[in-house]
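Tertiary structure, described
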Amino acid sequence: MSADPAWRPIFGHAEPYDEQVDGIDAAVETAREDGFLALEGACGTGKTMLALTAGIHLVRDPDSRFERVFVLTSVKQQLRQFEADLRTINANLPEEWRPVSAMSLVGKADVCPYNLAGAGDIDDDTVYERCEGLRERTRGLTEETTADALAAAARSQQVGLADSASASGDGGGATYLEAADEPTPYPRDTPEAAERDVEYCPFYAQFLADLPEDGHPSEAVPFDPTGMGLVEPEDLVSLAAGHGSCPHSVMGALLPELEVLVGNYYHAFDPTTVRAFTGDLVDEDTFVVCDEAHMLEPRVRELVGDSVSDRALSDAQAELSRVIEPLAAVEEAGADARHGGDARRQAATIREVLSDTDVTLGDLRDTRRFLDAMEVELGARVTDHLDAESPGWRRDLPDLEDAEIPLRDPEEPGVDEVTAWAERNGFDAGVWTRAESVGAVVARVLNTLDEDDTRRAAPAVGRTLATWYRADHTDFFREIVLERTWDETKPPESWRRAYTARYALHNCLPAGAIGERLAEFGGGVLMSATLAPLDVFAEVTGLRHLERTADRPIRERTYGLEFPEEHRASLALATPKFTYADRGDPDEDTEPRHAHARAIRQVAASPGNVLVGMPSYREAEWAADVLADCDKEVLVDASTDDVATEQLKREFFAGDPKVLVTSLRGTLTEGVDYRGDRLSAAIVCGVPIINTASPRTRAVRTAYDRAFGDGFRDALAVPAVRKARQAVGRVIRGPDERGVRVLCDERYARDSWDSVRELLGAAEREEFDPVSPDMFEYALERFWSTSE
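The residue numbering used here restarts from 1 in each chain and proceeds along that chain's sequence as written. Since the coordinates come from a predicted model, pLDDT governs what is reported: local features require at least 70, and pairs of side-chain atoms require 80 or more to be given and counted, while whole-chain, interface and lining totals use all residues. Where side-chain values are given, they derive from all heavy atoms of the structure, hydrogens and water being excluded.

**Observations concerning helix α12 (residues 271-278)**
- Buried within α12 are the following residues: Thr273, Val274 and Thr278. Here the buried residues of α12 occupy an arc of 100 degrees about the axis, which is enough to place them on one side. Counted as exposed and oriented over 90 degrees from the buried face of α12: Arg275 and Ala276.
- In this analysis, two residues are considered to be in contact whenever any of their non-hydrogen atoms come within 4.5 Å of each other. Labels follow the DSSP assignment, with helices taken as runs of H or I lasting at least four residues and strands as runs of E lasting at least two, numbered in each case from the N terminus. Buried positions along α12 lie against α11 (266-269) and α20 (511-520). Each residue is assigned to one of three classes by its accessible area relative to the maximum for its type, calculated with a 1.4 Å probe on protein chains only: buried under 20%, partly exposed between the two thresholds, exposed over 50%. Arc definition: directions from the helix axis to the C-beta atoms.

**A short note on unusual backbone geometry**
- In this chain, alanine 532 is followed by proline 533 through a cis amide linkage whose omega measures -5 degrees.
- Within the element layout of this structure, proline 533 appears in the loop between β15 (523-528) and α21 (534-540).
- One non-glycine residue, alanine 180, adopts positive backbone phi at about 55 degrees.
- Relative to the elements of secondary structure, alanine 180 occurs in the loop between β4 (176-179) and β5 (182-187).

**Comments concerning the environment of alanine 373**
- Relative to the elements of secondary structure, alanine 373 occurs in helix α16 (residues 361-389).
- By relative accessible area, which is 17% here, alanine 373 ends up buried.
- C-alpha of alanine 373 to C-alpha of alanine 318: the two residues are 55 residues apart in sequence and 14 Å apart in space.
- Beyond its immediate chain neighbours, meaning those up to four positions away, alanine 373 contacts Trp421 and Phe427.

**Some details on the pairing of strand β2 (residues 68-72)**
- Of all five residues that make up β2, five are buried, and the element is covered over most of its length.
- Because side chains alternate across β2, one face comprises the buried residues Arg68, Phe70 and Leu72, and the other comprises Val69 and Val71, equally buried.
- Think of it this way: DSSP has to see at least two bridges between two strands before they count as a pair. Pairing analysis gives five bridges linking β2 to strand β10 (residues 286-290), with the strands arranged parallel. Bridge pairing in β10 places arginine 68 opposite threonine 286.
- One ladder, built from four bridges, connects β2 with strand β9 (residues 260-263); its direction is parallel. Bridge pairing in β9 links leucine 72 to glycine 263.

**Focus: the sheet that holds strand β18 (residues 610-614)**
- Within the open sheet, the seven strands sit side by side as β19-β20-β18-β21-β22-β17-β23. Their pairing is parallel. Looking at which strands have only one partner, the edges of the open sheet turn out to be β19 (633-636) and β23 (769-771). Each strand of the sheet is rotated relative to its neighbour by a mean of 20 degrees, with strand direction disregarded.
- Here β18 pairs with strand β20 (residues 658-663) via five bridges, running parallel. The residue of β20 that forms the bridge with methionine 614 is serine 663.
- Along the sheet face, helix α28 (residues 711-728) touches β18, β21 (681-685) and β22 (739-744) and points at about 160 degrees away from the line of β21.
- For every element, the axis is a line fit to its C-alpha atoms; helices are fit only across the contacting stretch, and the angle between N-to-C directions ranges from 0 to 180 degrees. Each of β17 (568-573), β22 and β23 is contacted by helix α31 (residues 773-787), which is oriented at about 175 degrees to β17, the strand it contacts most.

**Looking at a negative patch on the surface**
- For patch detection, residues must exceed 30% relative accessible area and be free of salt bridges, and they are connected within 9 Å for like charges or within 5 Å for nonpolar side chains (Val, Leu, Ile, Met, Phe, Trp, Tyr). Only the protein chains shown count as cover for residues, with accessible areas throughout obtained via the Shrake-Rupley method and a probe of 1.4 Å. A carboxyl oxygen of Asp or Glu within 4 Å of a side-chain nitrogen of Lys or Arg is what we treat as a salt bridge. The positive count covers Lys and Arg only, the negative count covers Asp and Glu only, and His and the chain ends enter neither. Here the site of a charge means NZ on Lys, CZ on Arg, CG on Asp, or CD on Glu. Where like charges cluster on the molecular surface, the negative patch consists of Asp110, Asp121, Asp123, Asp124, Asp125 and Asp189.
- Along the chain, aspartate 125 falls in the loop between α5 (113-117) and α6 (127-141).

**Brief notes about the nonpolar core**
- Working definition of a nonpolar core: buried Ala, Val, Leu, Ile, Met, Phe, Trp, Tyr and Cys residues. They are joined through side-chain atoms within 4.5 Å. Counting 70 residues, the largest nonpolar core has Met103, Phe269, Leu518 and Leu526 as the members making the most contacts within it.
- Residue contacts for leucine 526: discarding those within four places in its chain leaves Phe36, Leu37, Ala38, Leu39, Cys290, Ala293, Leu296, Leu518, Leu531, Phe537 and Leu543.
- One finds Ile350, Ala403, Val418 and Ala458 within the second-largest nonpolar core, a separate group that totals 56 residues.

**Comments concerning the pairing of strand β13 (residues 476-484)**
- Most of β13 sits inside the fold, with seven of its nine residues counted as buried.
- Two elements, strand β12 (residues 403-406) and β13, share four bridges in a ladder whose sense is antiparallel. In the sheet register, isoleucine 405 faces β13, and the bridge partner there is isoleucine 480.

**A few points about the pattern of salt bridges**
- This model, assessed by the stated rule, comprises 46 salt bridges.
- With a closest N to O distance of 2.8 Å, glutamate 232 and arginine 87 form a salt bridge. Residue glutamate 232 is found in the loop between β8 (230-231) and α9 (233-243), and its partner arginine 87 is found in helix α3 (residues 76-91); the two are separated by 145 residues along the sequence.

**Some thoughts on the confidence of the model for the protein**
- For every residue, the predictor assigns a confidence score, pLDDT, that lies between 0 and 100. Confidence along the protein averages 92 in pLDDT terms, with 96% of residues attaining 70 or more.
- Throughout residues 162-174 the model reports pLDDT below 50, and contacts reaching past four residues in sequence, or to other chains, amount to four contacts.

**Focus: the sheet that holds strand β14 (residues 499-507)**
- Taken in spatial order, the four strands of this open sheet run β11-β14-β13-β12, and their pairing is antiparallel. The open sheet has two edge strands, β11 (306-309) and β12, and neither has a second partner. Looking at each pair of strands side by side, their axes are set apart by 25 degrees on average, direction ignored.
- Here helix α27 (residues 695-708) sits on the sheet in contact with β12, β13 and β14, set at roughly 160 degrees to β13.

**Some thoughts on the packing of helix α14 (residues 310-333) against helix α18 (residues 429-449)**
- At their nearest, the axes of α14 and α18 sit 10 Å apart, and the two run at 65 degrees to each other. In terms of crossing hand, the pair formed by α14 and α18 is left-handed. Contacts between α14 and α18 involve Glu319, Leu320, Arg322 and Val323 from the former and Val438, Val442, Val445 and Leu446 from the latter.
- Ten residues, namely Ala, Val, Leu, Ile, Met, Phe, Trp, Tyr, Cys and Pro, are considered nonpolar, four, namely Asp, Glu, Lys and Arg, are considered charged, and the remaining ones, Gly among them, are considered polar. The class makeup of the residues in the contact of α14 with α18 is six nonpolar, no polar and two charged. Whether a crossing is left-handed or right-handed is set by the direction in which the near helix is turned from the far one by less than a right angle, anticlockwise for left-handed and clockwise for right-handed.

**A few points about the side chain of threonine 286**
- With respect to the helices and strands, the residue threonine 286 is situated in strand β10.
- Between N or O atoms, a polar contact is any pair within 3.5 Å; within protein, one atom must be a potential hydrogen donor and the other a potential acceptor, and residues adjacent in sequence are included only when both atoms are from side chains. There is a polar contact of 2.9 Å between the side chain of threonine 286 and the side chain of arginine 68.
- With residues near it in sequence (within four places) discarded, threonine 286 still touches Phe66, Arg68, Phe70, Leu281, Phe521, Gly522 and Gly523.

**A look at the packing of aromatic side chains**
- Stacked, tilted and edge-to-face pairs are distinguished by plane angle, under 30 degrees for stacked and over 60 for edge-to-face with tilted covering the rest, among Phe, Tyr and Trp rings (Trp via its six-membered ring) whose centres lie within 6.5 Å. Applying the stated criterion across every chain, the model contains 17 aromatic pairs.
- Ring geometry for phenylalanine 652 against tyrosine 674: centres 6.4 Å apart, planes inclined by 75 degrees, an arrangement best described as edge-to-face. Linking phenylalanine 652 in helix α26 (residues 642-653) with tyrosine 674 in the loop between β20 and β21, this pair joins segments that are 22 residues apart in sequence. Here phenylalanine 652 and tyrosine 674 have matching classes, each one buried.

**Some remarks on the environment of threonine 667**
- One can find threonine 667 in the loop between β20 and β21.
- Spatially, the C-alpha atoms of threonine 667 and leucine 255 are 30 Å apart, while their sequence positions differ by 412 residues.

**Remarks on the packing of α16 against helix α17 (residues 417-424)**
- Relative to each other, α16 and α17 sit at 130 degrees, their axes nearing to 12 Å. It follows from the interaxial angle that α16 and α17 lie oblique. Taken as a pair, α16 and α17 cross one another with a handedness that is right-handed. Packed against α16, whose contacting residues are Ala373, Met374, Glu377 and Arg381, the element α17 presents Glu417, Val418 and Trp421 at the interface. Note that the term roughly parallel is reserved for angles under 35 degrees, roughly antiparallel for angles over 145, roughly perpendicular for angles of 65 to 115, and oblique for everything else.

Quick look at the structure:
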């Protein structure tokens, strides 16, 4: 490193760590060569400042092609950290430098003026559907009048209301809508076009009016972000809505103009979101930062998969009928005057919409017939499965559990049974693929016909069916998924009383989708505290494929925990393996359960708060029972909603020391801030490998076997060990913190045929000392006695 690196004025703190210097230089050099840096950095490395500094330096460098930094993270806490570091950078830039322009991408619920004000019959539950419906009708109205006229009409309504209030002497109760403490020029209720009685959004109308006929959408932004630094959601709402324009649309127009954007994985990897919203950011001029990159593979697998439920199939059929029946009625009536009036006007509107598409009445009927047959087939397959697996299921509905019905052998790629069934019954490729355009047209027709802003089922159903047919039968796995629910409105002996069923399409091998999307960026950094083994990470994310086929360099860096070693005890406890086969059910008396129960009690006796991580919620309940005689209060996490989880977290942090028992597949072992005295010890019991008997898991393992050679290690063991590492990594978050970290299972401690010790990474293998159960209590006592 030179004495004064060019990036130094951007770095937000007094002095960078050595690891930050090396990492920034490596990221900059690699990106200049169109490459990516895979970086594992322990807590305290300063990864967020490292990545931001490298990216902003490249954006500000006149000799660099990069125009923006796009940060992606799956954890809200990390998003806040990037925002905090951006503020720090701007606060410490040289006086003559302009602030770094930046913005976090938020959802419509966070910026819709009506939702924020609790007005316009819009709330968090309806904002997306209402927004799409209002936008559709606003665009429709602009075919008869101008967007500027629509916005002006709404302004005049507000002025008229204000004058009426003034004349009546009523100065209280604002007649205008307020958002982010800023008055807007419109009334609280959504207006209607005078002659059509059609509800529309004046904010969106104003945005359309501001769009230049020839020019970039950024010209519709009603403020200059150049000197603002980080544009907060409140700023966006007050400036856009105060002008009368749609904050969410303005946010979209701003995207290409800012230097740093912070978003979620779906902003880059969800095809629908990229197509509709963030496409301008996915190009070679963007330096991408994938934070918490150990989650990239499972998150993208979810995003590029798809499913359609029995309820969605039924709803889509009903929507198709609403379009088909008016046309059919008029067609059958011919010139019969009795079928005039509203029915003919409705049919005329439908024909007008259809005339702008290539969808015919025959296509609509064929698709409805197909969806009906798919729903009937789904029901028949669910009934056959339950008859075979649970013969008395009609009597035992409350006791049924989630289930999977594979549509092919998970370990033998081939055409699935439903696709083959469809072909035998005359549903060819045209019917499958045309469902997508038919669904989109149906939604357009219904949004034009009425103001019912419920989310349309037909578009999503159509997209899923088209994707189902197009996707290959090697990397994709198709099945029926039964999810446990309870619906008292269904007949007593119907499986629909106990289940929601859906056709599910799983992408077993997301490396292709990840690699293809990363290839569109100019370069970047993928980072986490738990990426090791880096060779596996590079393969399963498609990075290595990019390196081999596109000559895109992939470089690696690993930085260990730099906090004082004497402040922590890191132990790999050689207890018997805590696998299901070895431990048995929770009520069984086995040697593995005895050994792990003893270790849990020993760690729970540590001073301060203690976290116990188990392979499942069922095992978490067992661990809590083990601690029945613990001197501390024991809190048990369950598979509940975010509100309950947040409440549990607050209870854990407040008051006297406690023990928190949770599943390693939950949300309390990753992305949670346990800094300071919030956590003094953590124990992970077992290796949290997902159910290997699941058809989906078997299909994923088979796909990884074929692609990378060792599917069990790469698809199952590596992600499980990362979960364990994330959990114990919650303990030490700063240089002055002290604590104990325990990986409890002989597979962490010893080299054997099923050992996972090599998956910990070099630094952790060196630090996590193997210890036998008979020496464990002594090791704990020795650490705590020297830490007082």
